[in-house]
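Residue-level listing of the chains:
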Amino acid sequence: MRHDIVEKNIGIMGVLIAIVVSLAGLVEIVPLMFQASVIEPHPNLKPYTALELAGRDIYVAEGCYNCHSQQIRPFVDETMRYGPYSQANEFVYDRPFQWGSKRTGPDLHRVGGKFSDEWHEYHLIDPRSVVPDSNMPGYPWLADQKVNAQLVADSMQVLYEWFDHPYTDEQLANAKADVEGKTKMEALIAYLQVLGTSIPRSYK
């Protein structure tokens, strides 16, 4: 095909660009779907407990991913600040993953265990009470709202049946009771405290 025909016809050029981009994407993405390091969970990784799963849903519902990434790049400045770089097999049980790219606030992938539950509670209620320069809004209502226990139990059942998350019969049977009466604040803190702990880092 002569180049001048393609260059003068935006429709043909658009179709050809779409084909090339699609093929290139498939070449890059498909092999990853069969690599063990991507599809098999990290040896230390466990599926979210009922309370952690509820907290993850709250994290998504409140739009925390708009300001916080969960993806530490393999660069010295990032690993020195946040800890070991993120690995694909740490996110096997995340549907969808919360990598993100926007960092109005810090990356949260290794935040698990960095602060106490009490610190997180103060921070979520009034961020500037613990981080004076923070521009994060407060979420005090989470301390008053209860987790939907039935929804959490149903979600765990779906993850077990449809996505092969390795929950035990006991975990599934007790899911509703495990979060009954818990606040959304407690659930969100439980989720934050487990982030990145498959590859723990030492905090000073």
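Residues numbered from 1 in each chain as written. Predicted model: local features only at pLDDT ≥ 70, side-chain atom pairs only at ≥ 80, totals over all residues. Heavy atoms only, no water.

*Asks:* Mind showing me how you'd approach the packing of aromatic side chains here?
*Replies:* Taken as a whole and judged by the stated rule, the model has six aromatic pairs. Summarising the aromatic geometry, the rings of Phe97 and Trp99 are spaced 3.8 Å apart at their centres and angled 25° between planes, so their arrangement reads as stacked. With a relative accessible area of 44%, Phe97 lands in the partly exposed category. Members of the aromatic cluster, each reached through a chain of ring pairs, are Tyr48, Tyr59 and Tyr191. (Phe/Tyr/Trp six-rings, centres within 6.5 Å; stacked < 30°, edge-to-face > 60°. Buried < 20%, exposed > 50% of the residue type's maximum accessible area, 1.4 Å probe, protein only.)

*Asks:* Please explain the packing of helix α6 (residues 117–125) against helix α9 (residues 184–194) as it appears in this structure.
*Replies:* When two helices pack together, their arrangement is given by the angle between their axes and by how far apart the axes lie. Running from N to C, α6 and α9 cross one another at 120°; their axes reach a closest spacing of 10 Å. Considering their axes alone, α6 and α9 lie oblique with respect to each other. Crossing geometry of α6 relative to α9 is assigned as right-handed. From α6, Asp117, His120, Glu121, Leu124 and Ile125 reach across to α9, where they touch Met185, Leu188, Ile189, Leu192 and Gln193. Counted by class, the contact of α6 with α9 contains six nonpolar, two polar and two charged residues. (Axes fitted to C-alpha atoms, helices over the stretch in contact; angles between N-to-C directions. Helix = DSSP H or I, 4+ residues; strand = E, 2+ residues; numbered from the N terminus. Parallel < 35°, antiparallel > 145°, perpendicular 65-115°, else oblique. Left-handed = near helix turned anticlockwise from the far one by under 90°. Contact = heavy atoms within 4.5 Å. Nonpolar A, V, L, I, M, F, W, Y, C, P; charged D, E, K, R; others polar.)

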